[in-house]
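The chain contents come next:
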Amino acid sequence: MAGRCRLLRFLLPLVLWHGGLGKGILYPRDSESRVVKTLDGMWNFRADNSSTRNQSFVDEWWTKPLSQTGDVIPMPVPSSYNDITTDKSLRDFVGWVWYDRHFYVSKMWQDKRVMLRFGSVNYYAMVWINGQQVMSHEGGHLPFECEVNSVVSFSAVNRVTVAVNNTLTPITIPPGTIHFDSDTKRYPAGYFVQNLQMDFFNYAGIQRSVHLYATQQAYVDDITIITTIQGTNGVVSYSVTEGGTGQGSAFTVIVIIQDRDGNTVSSVSTRLQDTIVIPDARLWWPWTMKPDDPGYMYTLRVNVVSGDVYYQPFGIRTVRVSNTQFFINDQPFYLHGVGRHEDVEIRGRGSDDATIARDFYMKKWLGVNGFRTAVYPFAEELMDQADRQGFVVVDETPGVGITQPDNFSPVGLSHHKAVMGELYQRDKNRPSVIMWSIANEPTSNTAQGEAYFKDLIAHTRDLDESKRPITFFCNKDYDTDRVAQFVDVILINRYLGWYSDVGHTEVIQLQLSDDLENWHAKFNKPLVVSEYGADTLPGLHREPSFIFTEEYQTDFMKEYFRTFDKYRSQFLVGEMIWCFADFITAQQLNRVVGNHKGVLTRERQPKASAHLLRERYLSLVNSTRTN
Ligand code: GCB
């Protein structure tokens, strides 16, 4: 019990600390004035296995090289630490783990502003350089950074130390709980487990790239770009936020727009905020709407006269909804997509370019035109590919499993708003992002849920000047839900023939039709069937079909397809199968080494269902084609 109190006391204060809402978090891109260096690679690693999980703080592990505090093991960054070793206790570890490594900062950077940036650390992170704390961040899957000039040496080796804690509490996003068992007849001393309120493994660690980069002292801190279309012209409104100029010194910029080949296509603006018209603009289209020219990206080049240059990619496109349709560039759009996780063997949620590339090839092969970042923001490098290859994205916060009364506290809500703010800040200029999703399957049928999400949705509307539609993934019924009234597009997760009436595919058309019609009749908004799926073990067969076999998954899907086709010309604006590929969950009796609802295996190879989905999606590719 004493251990329990110390663990919780130690963790809880952190949840009040937030990342830099309102401050720029531009991706570290090099340019003629900026230099980017990666700190990816093998770091030293050590878990704090003390019963309180607190000994590392008592012993101040950040004050010296980690190897001098005890035995360290090599740990790749980026990766989740869980599946790298053969140590079960590390796979399932809850509490603080520590990383460190050495690095140099070139003397040539001495006059620059030097930044340290983490793409994602799950869940809490504290960062020291040469023994001095420089930043902390709460929440996985979003970047954070700080300036490190005052703590780094330009003439000697430096050490960066990172402490990471994966403990989830009722007010983290996503929430979870720690459960202690003190019955020493049944459990070893100090026994506790982390209970998750989500259907995926709580991978942890430094999961995305770490960058060190240098800018000029006066720098572009942030850029916001909003586009509209007038006739054949693209209208680009931008706003540049300055950084580092101090007390009123001049911050003069030269702004131009370049096309994909680097040609200047605009006049020059010297304003921090302006609107530039591009005649005969090439619009950003999903690949299925314009297969010959998908994902067209321009670049806003911002040159601060004193030196800094930043290149911000953007696309020209609009999104809007009517009561029955979703429009991209004023053309009706039908989403034939997938829900998916960012999850692979060994690396867990550690980001890598090979998997990112493979996944886009497989999505293209499947005829998928969009996906949802279930259920947390995906890597920036992956999002870049969505932009450039013309895939639409429903961009989601990690707000999954907000289902217990104590998940709706004011502190939790303010943290959820901060996370939404960070997500917006990171992804606001991406044309691929066509909707924000604030949550997955929360308790949306209570007064508590209504108040919480009304507030969060209003907050999100205020953030996004471009007014992207806002939604959440709903698993409640049309007659009890209290949050769908606030969203622009209603997304419903349905497992008819799986979690209800299991094995009975014959009920699907009837029940889904009734459901869709009632939702639309009540709310008069466009709908997406945003999850449906059946666990399937590849190679398991039975005729006639039986649950868990490849035959059942395909029989099941065909019933959904027939219903989708009935409503596609009415108010159904999308379908997203759950899910793209198998993924790992916590150990539980309904999961045979993870969730197997993928149409692909975890190795990204097709099940029979993938061929069926492909046939359907490729036939839909032409349905919204514009040329
Ligand atoms: C759901 C959840 C998703 C799960 C899925 C399932 O409703 O939104 O996170 O993985 O069901 O397979 O149970």
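Residues numbered from 1 in each chain as written. Predicted model: local features only at pLDDT ≥ 70, side-chain atom pairs only at ≥ 80, totals over all residues. Heavy atoms only, no water.

Colleague: Mind showing me how you'd approach the overall build of the chain here?
Modeller: The secondary structure content of the chain amounts to 10 helices and 31 strands. By principal-axis analysis of the C-alpha atoms, the chain measures approximately 75 × 70 × 45 Å. Nonlocal contacts in the chain, meaning residues at least 24 apart in sequence, comprise 73% of its contacts between residues at least 6 apart. Of the roughly 23600 Å² of accessible surface on the chain, 50% is carried by carbon and sulfur atoms. Counting 62 positive and 71 negative side-chain charges, the chain places the centres of these two groups 2 Å from one another. (Helix = DSSP H or I, 4+ residues; strand = E, 2+ residues; numbered from the N terminus. Contact = heavy atoms within 4.5 Å. Areas by Shrake-Rupley, 256 points an atom, 1.4 Å probe, with all protein chains shown as cover. Lys, Arg positive; Asp, Glu negative; His and termini not counted. Charge placed at Lys NZ, Arg CZ, Asp CG, Glu CD.)

Colleague: What should I look at first to understand the domain arrangement of the chain in this one?
Modeller: When the parts come together, some accessible area is lost, and that loss is often what is quoted as the size of the interface. Assigned domains within the chain: domain 1 (2-166 + 202-215), domain 2 (218-317) and domain 3 (321-622). Spacing between the C-alpha centres of domain 1 and domain 2 amounts to 33 Å. Facing 12 residues of domain 1, the contacting portion of domain 2 comprises 13 residues. Interface of domain 1 and domain 2: buried area, both sides summed, is about 1100 Å²; carbon and sulfur atoms make up 47% of it. Inspection of the domain 1/domain 2 interface yields 3 salt bridges. Residue Arg 34 is joined to Asp 308 by a salt bridge in which the shortest nitrogen-to-oxygen separation is 2.9 Å. On inspection of domain 1 and its partner domain 2, the count reaches 11 residue pairs in polar contact (both at pLDDT 80 or more). (Domains from an automatic or database assignment. Buried area = accessible area lost by both parts, 1.4 Å probe. Salt bridge = Lys/Arg side-chain N within 4 Å of Asp/Glu carboxyl O. Polar contact = N/O pair within 3.5 Å; in protein donor to acceptor, adjacent residues only side chain to side chain.)

Colleague: Even after reading the chapter, I still don't get the site of the ligand, so can you show me in this structure?
Modeller: Residues in close proximity to the ligand include Asp 199, Asn 440, Glu 441, Asn 493, Tyr 495, Tyr 499, Glu 531, Trp 578, Phe 583, Arg 591, Asn 595 and Lys 597, which together make up its full environment. Contacts to the ligand include Glu 441, whose side-chain N or O atom sits 2.4 Å from an oxygen atom. When the ligand sits alone it has 320 Å² of accessible area, and the protein chains cover 92% of it. (Near = heavy atom within 4 Å.)

Colleague: Got a minute to help me understand the confidence of the model for the chain in this structure?
Modeller: Atomic detail in the predicted coordinates should be set aside for any region of low pLDDT. Of all residues in the chain, 96% have pLDDT values of 70 or greater, and the mean over the chain is 95. Residue range residues 1-10 is modelled with pLDDT below 50. Its contacts to residues more than four positions away, or to other chains, number 9 contacts. Scored below 50 in pLDDT, residues 12-22 shows 24 contacts in the model against residues more than four places distant or in partner chains. (pLDDT = per-residue confidence, 0-100.)

Colleague: What is the right way to read the packing of aromatic side chains from this model?
Modeller: Each aromatic ring pair is described using two quantities: the centre-to-centre distance and the angle formed by the ring planes. As enumerated under the stated definition, the model contains 41 aromatic pairs in all. Ring centres of Phe 453 and Phe 472 lie 6.5 Å apart, and the angle between their planes is 10°; on these two criteria the pair is classed as stacked. Separated by 19 residues along the polypeptide, Phe 453 in helix H7 (residues 447-463) and Phe 472 in strand E28 (residues 470-474) bring together distant segments of the chain. In this pair, the class of Phe 453 matches that of Phe 472, namely buried. Ring centres of Tyr 552 and Phe 556 lie 6.0 Å apart, and the angle between their planes is 40°; on these two criteria the pair is classed as tilted. One end of the pair is Tyr 552 and the other is Phe 556, both in helix H9 (residues 550-568) and 4 residues apart, which spans about a single turn. According to the relative accessible area criterion, Tyr 552 is buried, its value standing at 1%. Counting every residue linked through ring pairs, the aromatic cluster contains Phe 200, Trp 287, Phe 360, Phe 371, Tyr 376, Phe 378 and Phe 391. The ring of Phe 327 has Arg 320 sitting right over it, with the charged end atom 4.1 Å from the ring centre. Of note, Lys 363 hangs over the ring of Phe 371, and the distance from its end group to the ring centre comes to 3.8 Å. (Phe/Tyr/Trp six-rings, centres within 6.5 Å; stacked < 30°, edge-to-face > 60°. Buried < 20%, exposed > 50% of the residue type's maximum accessible area, 1.4 Å probe, protein only. Lys NZ or Arg CZ within 6 Å of the ring centre and 35° of its normal.)

Colleague: Quick question: what am I supposed to make of the sheet that holds strand E20 (residues 309-314) here?
Modeller: Pairing between the strands of a sheet comes from backbone hydrogen bonds, and it takes one of two forms, parallel or antiparallel. The sheet built from 3 strands is open, its strands ordered E17-E19-E20 with antiparallel pairing. Two strands in the sheet have a free side with no partner beyond their single neighbour: strand E17 (253-258) and E20. Here the average twist between neighbouring strands, direction ignored, is 20°. Looking at chain direction, strand E19 (residues 298-304) and E20 are connected through 6 bridges and run antiparallel. When the bridges of E20 are listed, Val 302 appears paired with Tyr 310. (Pairing = 2+ DSSP bridges. Axes fitted to C-alpha atoms, helices over the stretch in contact; angles between N-to-C directions.)

Colleague: What is the right way to read a nonpolar patch on the surface from this model?
Modeller: A grouping of Ile 254, Val 268 and Val 305 is seen on the molecular surface, where their side chains present a nonpolar patch of about 250 Å² in accessible area. Note on placement: Val 268 falls in the loop between E17 and strand E18 (273-278). Of the residues examined, Val 268 reaches a relative accessible area of 53% and is grouped as exposed. (Patch = residues over 30% accessible without salt bridge, like charges linked within 9 Å, V, L, I, M, F, W, Y side chains within 5 Å.)

Colleague: Got a minute to help me understand the pattern of salt bridges in this structure?
Modeller: The tally for this structure, following the rule as stated, stands at 37 salt bridges. One salt bridge connects Asp 293 with Arg 282, and the closest N-O pair in it is separated by 3.1 Å. With Asp 293 in the loop between E18 and E19 and Arg 282 in the loop between E18 and E19, this pair connects stretches of sequence that are 11 residues apart. Note that Arg 562 and Glu 559 form a salt bridge whose closest N and O atoms lie 2.8 Å from each other. Taken together, the residues Arg 562 and Glu 559, both in helix H9 and 3 residues apart, mark about one turn of the helix. By relative accessible area, which is 14% here, Glu 559 ends up buried. A single salt-bridge network, built from bridges that share partners, covers Lys 23, Arg 117, Glu 145, Asp 221 and Glu 380.

Colleague: Is there a simple way to think about the environment of Thr 626 in this case?
Modeller: Following the sequence through the fold, Thr 626 ends up in the segment after helix H10 (608-621). On the basis of relative accessible area, Thr 626 is assigned to the partly exposed category, the value being 30%. Distance in space between the C-alpha atoms of Thr 626 and Thr 443 is 40 Å, their sequence separation being 183 residues. If near-sequence neighbours (up to four positions away) are discounted, Thr 626 is found in contact with Trp 285, Met 289, Lys 290 and Gln 331.

Colleague: It is not clear to me how the UniProt feature "domain: Glycoside hydrolase family 2 catalytic" (unreviewed entry) in the chain should be interpreted in this structure. Could you clarify?
Modeller: Mapped onto this numbering, the UniProt entry gives "domain: Glycoside hydrolase family 2 catalytic" (unreviewed entry) at residues 319-619. This span, residues 319-619, is 35% helix and 17% strand, and a straight line between its end C-alpha atoms measures 24 Å. (UniProt positions renumbered as here; feature names shortened; annotations may be inferred.)

Colleague: Would you mind showing me how to read the packing of helix H8 (residues 508-523) against H9 here?
Modeller: Each pair of packed helices gets described by two things: the angle between the helix axes and the distance between those axes. Where H8 meets H9, the axes come as close as 9 Å, and the angle between the chain directions of the two elements is 35°. Of the two elements, H8 crosses H9, and the hand of that crossing is right-handed. Within the contact between the two elements, H8 uses Ile 508, Gln 509, Leu 512, Ser 513, Leu 516 and Glu 517 and H9 uses Phe 556, Glu 559, Tyr 560, Arg 562, Thr 563, Phe 564, Lys 566 and Tyr 567. Along the lines of polarity and charge, the residues of the contact of H8 with H9 split into 7 nonpolar, 3 polar and 4 charged. (Left-handed = near helix turned anticlockwise from the far one by under 90°. Nonpolar A, V, L, I, M, F, W, Y, C, P; charged D, E, K, R; others polar.)

Colleague: Quick question: what am I supposed to make of the sheet that holds strand E16 (residues 233-243) here?
Modeller: Read across the sheet, 3 strands follow the order E15-E16-E18 without closing on themselves; strand pairing throughout is antiparallel. The sheet is open, and its two edges are formed by strand E15 (219-230) and E18, each paired on a single side. Pairwise comparison of adjacent strand axes, ignoring direction, gives a mean angle of 20° for this sheet. Here E15 runs beside E16; their pairing, made up of 11 bridges, is antiparallel. Among the inter-strand pairings, Tyr 219 is bridged to a residue of E16, identified as Gly 243.

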